[in-house]
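# Survey of secondary and tertiary structure
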Amino acid sequence: MARKLVSEDGDSDRYSDTEESGGENGDPGATGGLLNRREYVKLGAAAAGGIFVSSGLGSASVERHGIQFDRVLNAVDDLGLDNSGGRAIDSALLDSLEDGTLIEFPDGRYTIEDTLIGTNLSNVGLVAAEGARPTLVPAAPTSDLLDDEYLIVFRGSDILFGGFDLDFTRGSDYGGRVHLIAESGDVSVFDVTTKGQLPGNVDGYRVEARTKDGVATLDNVNMRDGAVEGRSATGIFVGPPHAGEIHIRNCDIWHFPSKGIYASNPAHPDVGKGGTVHVDGGLYKNNNDCDIRVGSAGSTVKNIVSVKQDTRQGETVTWKNPIPRRHWDGRTDIVQTRSIRLKYGQDVLIEGCEFVHDIGQGAGAITSEGSHGGGTTIRDCRISVNDAEVYPILLKNGSGDGFEIENVSITGTSGRGAAIRVEDGRDGTTVRNSCINLTGAGECGVEIIGSNDCVVADSNIKVDGEAVKYRNASVETSGLTYTDSCPLPDATDYDAPPSGDSSEDDTTEKTLSDTCTIRATDGTVDYSVTASDSIVDGSDGKTVDSSVANTVSGTITDGDEQWFWFGGEIQSLELSADATFFINGEEVDPAQFDDATDGGDSSGDDTTDDGDSSGNDTTEKTLSNTCTLRATDGTVEYSITASDGIVDGSNGSTVDSSVANTISGTLADGAGDWFWFGGEIQSLELSADATFFINGEEVDTDQFEDTADDETASEDGTTKEEDGTTEKTLSDTSTLRATGGAVDYTITVSDGIVDGSDGKTVDSSVSNTISGTLADGAGDWFWFSGEIQSLELSADATFFINGEEVDTALFDGSLPNVLKVDGKVADGGAEYTIEVTDELVRDDNASTVPEQGHEWDEREDTVNGSEVVGSVWDGIDVYQFSGDLTQLNIDGNAQVNFE
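Residues numbered from 1 in each chain as written. Predicted model: local features only at pLDDT ≥ 70, side-chain atom pairs only at ≥ 80, totals over all residues. Heavy atoms only, no water.

## Examining the overall build of the chain
Along the backbone of the chain there are three helices and 79 strands. Looking at the chain as a whole, 52% of its 899 residues qualify as buried. Partitioning the intrachain contacts of the chain with sequence separation of at least 6 by distance along the chain shows that 77% fall at a separation of at least 24. Working note: accessible area of the chain is about 37,600 Å², and carbon and sulfur atoms make up 41% of it. (Helix = DSSP H or I, 4+ residues; strand = E, 2+ residues; numbered from the N terminus. Buried < 20%, exposed > 50% of the residue type's maximum accessible area, 1.4 Å probe, protein only. Contact = heavy atoms within 4.5 Å. Areas by Shrake-Rupley, 256 points an atom, 1.4 Å probe, with all protein chains shown as cover.)

Laid out in structure tokens, this is it:
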């Protein structure tokens, strides 16, 4: 049976408003906290003065990581701990925690049977012995640990912990929080890697310095497997009592359902002690809610890389979803992919960071909540947003000093209408020396609403919409240009580096994973090869430092070859003469790396394999032509048909006789695909404008539209063939993309719908309904005419009509009337009763519940057919209904709107 110190709560935001405001709630071992008899027995030896004072064990005093120790003990030789994993270390270890003791662990596996608790400690450390990499393994499931969560709990002054692997790979219910609190002095954690996913409501670490002169550090603390979906696990939590400094350096924190670093509570106006938070370096990848949440005045976030991409691979596990779903407050599958979230406090510096958002949704890559006062600087950062529904920078309604945005590059398509959105009350915000280049339709550069004395100056803004857009605001603009492209994020390697000790000389190493080989086949060849993430001569080995070049060049003579280690993708290959090229031992066509077709030999003669066919009669042929398609005006769905075969360019020009004559796909705005084909292009179907090239020459896409040589067109768009068959041309496109797992769908229209690859000219028997299944992240597109009458979905998806996203709720049978009870616009909240003549339902998607809401927001509203009894404080409750409103009683303060 697990021991309980605090009541369970479904969200790690449970700490924010009330934790430790009175009785150190949720902090085991705190002064005045509860410990059962077994915990007091564990602590007895240390409290009595320790057993090693006169034993003679251990070495003389040492200093490690700025902390002084009187003696050093070997965990195996001096304490007799079992490093085979067979016997638990708990009792012997806890008995040795005398003040001034550093315990060094040799290699091996050390089993922890229960929660390790030590309080009132001073100058105590657990570290790996020199050259060792010991592993700590929990023997019991998390449900048997203290409060279903804690693995190690140390409190006191000057605490050191580092050099370990934490092995939580036994299952999703094995693992626990490391809880290290400096009541005075310092605390330091270094070189620790967690392997395996934490349970869904178990934070990785809580580390704090609770005096103003105290310093906490976490260096190279890595959790790349994250936590399981469902609840509210956070990588690193910093609570309200943190009063000193905490430095979080070069940590990799991936795939947590509720924040990578949750460190805004020290800035909470009611309970926070104002300690600063400094994050420097590290990779924050696919965390939900946000990667880093801070707010304390003087805090900094520098040199991090934040990534949201369609990948499921952790260090030792494969995740269920790229972004772990969060279930909280009765809601499921919550996805909010912010990178940095500023809450409470003011005057934070964000500098030298890179943000890559290729998936996700939510507020902004950098979001300032209304509670964050301002005075914050964002500078020397690069933000790329593609196919993600987020603003690159969003400053929500607030007050205080304006923000300084300087030397920031924003690229991609963006996703919510503006690169930088400044809302009410952010007076004095400035954007200087920055570069914005968004290709999405209608995207604007800087949007300012309800804020005065703002400045946009000395910047390039190249967007489809307005460069600077404002409403009820005063904005001064000067020195703007509108044509230049902008720098992209530099980072390309978002995979895990090798685990282990981070050397003190700050040298970064990585292991290249792929090989390529060039073999000269027709005389001397000069070559140049560029890879996206480093390339070296094969004889130099595959482990390289961060300074290794991305391009190698040289010369090989006829018949010779040269091979290389590389990382990432081959981006270009330049050859002065014919050569064969291999990647990981497989021959690939060098032409696929050309920027354009170089006019080489393209005889196009079909060839038959004359070798031993073993009776399978396989016929091969060489496709002799290339075509290229580039999206120029938003996302494009395409279908291309050739008379004699067509394949993706990366597959090479030699194909067997079964090659398809039609190829279909989707291009993001600005992207391109190229293909080998044989014969003639017979048809080209496009959902939006694009440029098309054949053998490097641009051709008019209109020439491939279907014609009706033997038909006469009627005024209503139908055509009549000589045999009496009636045809019509569908005029609109729709696209469906799965965003929340696999989706079963059915679409019904009034006048015909077909798969996009089937072409838009159909006969009169075309169906008005189409159904199918999409894998997560996949998409289908269709030609249709008339109106969309219904759209049935088994899970969340995005839906586009003629390239414009539309709300799927428009087709899901929603009730015709909407009533909104808004508690944010008035003080004090309200209780209410609503009654209608017909049906009433709560709209959970439109309603909002604050993360640290009043109990009236968290109270469940009771809906019974045509009546609801509810309450609201800082949230918004939205209801749909049919019929007439017969009763509306409001007790308190709230604004009611009808739509």
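Structure shown, so let's carry the discussion forward.
## Observations regarding the packing of aromatic side chains
The final tally for this structure, using the stated rule, is 14 aromatic pairs. Their ring planes at 90 degrees and their centres at 6.4 Å tell us that Trp254 and Trp319 sit as a pair that is edge-to-face. With Trp254 in strand 15 (residues 245-254) and Trp319 in the loop between strand 20 (305-308) and strand 21 (326-328), this pair connects stretches of sequence that are 65 residues apart. With a relative accessible area of 2%, Trp319 lands in the buried category. The interplanar angle of 70 degrees and the centroid separation of 6.2 Å between the aromatic rings of Tyr832 and Tyr879 together place this pair among those described as edge-to-face. Of this pair, Tyr832 sits in strand 73 (residues 830-836) while Tyr879 is found in strand 77 (residues 876-881), placing the two residues 47 residues apart along the sequence. Taking relative accessible area as the criterion, Tyr879 reaches 1% and is therefore assigned buried. (Phe/Tyr/Trp six-rings, centres within 6.5 Å; stacked < 30°, edge-to-face > 60°.)

## Observations regarding the sheet that holds strand 45 (residues 551-556)
Judged by pairing direction, the sheet is antiparallel, and its three strands sit side by side in the order 45-42-47 without closing on themselves. Sheet topology places strand 45 and strand 47 (570-575) at the edges, where each strand pairs with a single neighbour. Mean inter-strand twist for the sheet, computed between neighbouring axes without regard to direction, equals 15 degrees. Inspection of the sheet shows strand 42 (residues 525-531) paired to strand 45 by six bridges, in the antiparallel sense. (Pairing = 2+ DSSP bridges. Axes fitted to C-alpha atoms, helices over the stretch in contact; angles between N-to-C directions.)

## Focus: the pattern of salt bridges
Evaluation of the coordinates by the stated rule reveals 35 salt bridges. When the shortest N-O distance is used, the salt bridge between Asp203 and Arg177 registers 3.3 Å. Of this pair, Asp203 sits in the loop between strand 11 (177-195) and strand 12 (205-209) while Arg177 sits in strand 11, and the two are 26 residues apart along the sequence. The same class applies to Asp203 and to Arg177, which are both buried. The salt bridge involving Arg224 is made with Glu315; its shortest N-O contact spans 2.7 Å. In this pair, Arg224 sits in the loop between strand 13 (215-223) and strand 14 (236-237) while Glu315 sits in the loop between strand 20 and strand 21, placing the two residues 91 residues apart along the sequence. (Salt bridge = Lys/Arg side-chain N within 4 Å of Asp/Glu carboxyl O.)

## Notes on a nonpolar patch on the surface
On the surface, a cluster of nonpolar side chains totalling about 300 Å² of accessible area is made up of Leu885, Leu888, Ile890 and Phe898. For Ile890, the position within the fold is in strand 78 (residues 885-892). What makes Ile890 partly exposed here is its relative accessible area of 31%. (Patch = residues over 30% accessible without salt bridge, like charges linked within 9 Å, V, L, I, M, F, W, Y side chains within 5 Å.)

## Thoughts on the state of the cysteines
This model, assessed by the stated rule, comprises one disulfide. The disulfide partner of Cys435 is Cys486, and the gap between their sulfur atoms is 2.0 Å. Between Cys435 and Cys486, the disulfide has an S-S torsion of -75 degrees and is therefore left-handed. Of this pair, Cys435 sits in strand 34 (residues 435-438) while Cys486 sits in the loop between strand 39 (475-478) and strand 40 (509-511), and the two are 51 residues apart along the sequence. An identical accessibility class is assigned to Cys435 and Cys486; each is buried. Cys381 takes part in no disulfide bond, and the closest cysteine sulfur, belonging to Cys353, lies 4.6 Å away. (Disulfide = S-S within 2.5 Å.)

## Remarks on the environment of Ser731
Its place among the elements puts Ser731 in the loop between strand 62 (726-729) and strand 63 (732-738). Between the C-alpha atoms of Ser731 and Thr761, which are 30 residues apart in sequence, the distance is 9.2 Å. Each residue touching Ser731, except ones within four places of it in the same chain, is listed here: Trp783, Phe784 and Ser785.

Function cannot be inferred from these measures alone, as they are strictly geometric.
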